[in-house]
Structures are given as C-alpha cells and as structure tokens.
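Structural overview
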Amino acid sequence: HKDIRTVMLMQDTLFESSKTIWDNVLRLDNPVVNAVKEYEEFLENGMDDAARLSSLMARLDDLNAWSFESDLKQILGKLNIHHLNEKMGNLSGGQKKRVALAQSLIEADLYQGNCLLIMDEPTNHLDIESVQWLEDFLKTGAKAVIVISHDKTFVDNLTNRTIEVTMGRIYD
C-alpha cells in the first residue's frame, strides 16, 4: 500500500562516524523531526532568546509535535542513550546497535500506524530491562512488526504468530 512505510533495523547499521548520535537518530527530512531537532538544539545550547524559544514552541504546537518529542526522549532514555553530541565513531558496537534500534523505533513512531517495522536481532546488546521495555513498547500502539531473532523468549512474548525457518524448511 502506498501509504505504508517500511522501517528496517539491520544487524549492522552503517553510520557516518563523524556525525553525532543526535544527527544519526534524527536523520529524517521531516517537518516534525526538524522542528524537534531545532528546539532540542536550542535548549542544549542554553541560548537566552525568549522570542526564539517562543517561536520554536509555537512551531511544535502547529505541527502537534510535543508527543513525538516526548516519545523521542523516552526511547532514548530507556535505551540508555544520553550523550547525544557524542560522535558515532567513538561508540562501541553495542552502543551503535542501541542507536540503530532507537533510530528505527523513532522513525516507526513518526508514521503512527502506517508502518511495517522489520527488526533483525533487535535484542542484541540489550540488557534484560531494555529487552522487557522493548517488548512492552512494541506491544503498545498500532505497529506491524516482523522480527528475526534467536531470542525465543522475546519472540514468544511479542508475537501472536511465529514462523520458524530451519534448514530451508518453514514451520508455522
């Protein structure tokens, strides 16, 4: 369907190592994303310009972007992504996987129910608390999800239908 977006979490996501976590997470050219990014950068830089702050907040109001901004902060926080100005080249493999996961969840959230989220090994590099949060996050809201995973518990807790592919055979 032309209105459905596909978002894919790959096992190995390529990032521009010279860019920050923030730049990579919010890489989409979307009015809501751009407004939230501009607002957050303004707050982080600690500028003392009440008129500019008022203008940015009005833009978020106009775009109905406050819930997206709140979801964005929740996703980043729950995945323990905090130093958003850190360069991707300085991160470990596990940290990069968390950034890739956050990026895919944020993008899927942006499309609000008009998205097919495909996730390849989403629990790699996650602690138990993060896996449980991810299960809960994916169960809520209108999301169609395809998961490729060796984490049987995660798959069983998340899905209502599992198709197993083993040695070239499909088991439903």
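Each remark here, short or long, concerns the structure printed above.
Definitions and cut-offs
The numbers attached to residues start from 1 for each chain and follow its sequence in the written order. Totals for whole chains, interfaces and linings use every residue, but because this is a predicted model, local features are given only for residues with pLDDT of at least 70 and side-chain atom pairs only at 80 or more, for both listing and counting. Heavy atoms from the whole structure form the basis of all side-chain values; hydrogens and water molecules are not counted. Joining through side-chain atoms within 4.5 Å is the link that ties buried Ala, Val, Leu, Ile, Met, Phe, Trp, Tyr and Cys residues into a set, and such a set is a nonpolar core. Only protein chains enter the accessibility calculation, which uses a 1.4 Å probe. A residue is then buried if its area is under 20% of the maximum for its type, exposed if over 50%, and partly exposed in between. Counting from the N terminus, the helices are the DSSP runs of H or I reaching at least four residues and the strands are the DSSP runs of E reaching at least two. By definition in these notes, contact holds between two residues if any of their heavy atoms fall within 4.5 Å. Exposure above 30% relative accessible area and the absence of a salt bridge qualify a residue for a patch, where like charges join within 9 Å and nonpolar side chains (Val, Leu, Ile, Met, Phe, Trp, Tyr) within 5 Å. Areas reported here follow the Shrake-Rupley algorithm with a probe of radius 1.4 Å; residue values treat only the protein chains shown as occluding. Salt bridge, as applied in this entry: a Lys or Arg side-chain nitrogen positioned within 4 Å of an Asp or Glu carboxyl oxygen. Strands pair, by our definition, only if DSSP identifies at least two bridges between them. Between N-to-C directions, angles cover 0 to 180 degrees, with each direction set by a line fitted to C-alpha atoms, over the stretch in contact for helices. By definition in this entry, angles of less than 35 degrees are roughly parallel, angles greater than 145 are roughly antiparallel, angles of 65 to 115 are roughly perpendicular, and the rest are oblique. Put simply, Ala, Val, Leu, Ile, Met, Phe, Trp, Tyr, Cys and Pro go in the nonpolar bin, Asp, Glu, Lys and Arg in the charged bin, and everything else, Gly too, in the polar bin.

Quick look at the nonpolar core
- Residues Leu76, Leu79, Leu105, Ile106, Leu134 and Leu138 are the most contacted members of the largest nonpolar core, which totals 48 residues.
- Per-element accounting of this core gives the leading share, 8 residues, to helix 5 (residues 93–110).
- Not counting residues within four places of it along the chain, the set of residues in contact with Leu79 comprises Arg98, Leu101, Ala102, Leu105, Leu126 and Trp133.

Concerning a nonpolar patch on the surface
- A surface patch of nonpolar side chains, amounting to about 320 Å² of accessible area, comprises Ile163, Val165 and Ile170.
- By secondary structure assignment, the location of Ile163 is in the loop between helix 7 (152–158) and strand 4 (164–166).

What to know about the environment of Gly77
- Structurally, Gly77 can be placed in helix 4 (residues 66–78).
- Once the C-alpha coordinates of Gly77 and Ala102 are considered, the two residues, 25 residues apart in sequence, prove to be 9.7 Å apart.

Re the pattern of salt bridges
- Per the stated rule, a full pass over the model turns up 10 salt bridges.
- The residue Lys73 makes a salt bridge to Glu40 at a minimum N-O spacing of 3.3 Å. Taken together, the positions of Lys73 in helix 4 and Glu40 in helix 2 (residues 31–44) put the pair 33 residues apart, joining distant regions of the chain.
- The network of salt bridges with common partners includes Glu38, Arg52 and Arg59.

Observations regarding the sheet that holds strand 1 (residues 5–9)
- Here 3 strands make up an open sheet; going across it, the order is 1-2-3 and the pairing parallel. Every other strand in the sheet has two partners, leaving strand 1 and strand 3 (144–148) as the edge strands with one partner each. Averaged over all pairs of adjacent strands, the angle between strand axes in this sheet comes to 15°, irrespective of strand direction.
- Summarising the sheet, strand 1 and strand 2 (residues 115–120) pair through 5 bridges and their orientation is parallel. Residue pairing for strand 2: Val7 is matched across the bridge by Leu117.

Considering the packing of helix 4 against helix 6 (residues 128–139)
- Contact geometry for helix 4 and helix 6: axes closest at 10 Å, N-to-C directions at 150°. Considering the angle they form, helix 4 stands roughly antiparallel to helix 6. Every residue of helix 6 that contacts helix 4 at Gln74, Ile75 and Lys78 is listed here: Ser130, Trp133 and Phe137.
- Split into classes, the residues belonging to the contact of helix 4 with helix 6 amount to 3 nonpolar, 2 polar and 1 charged.

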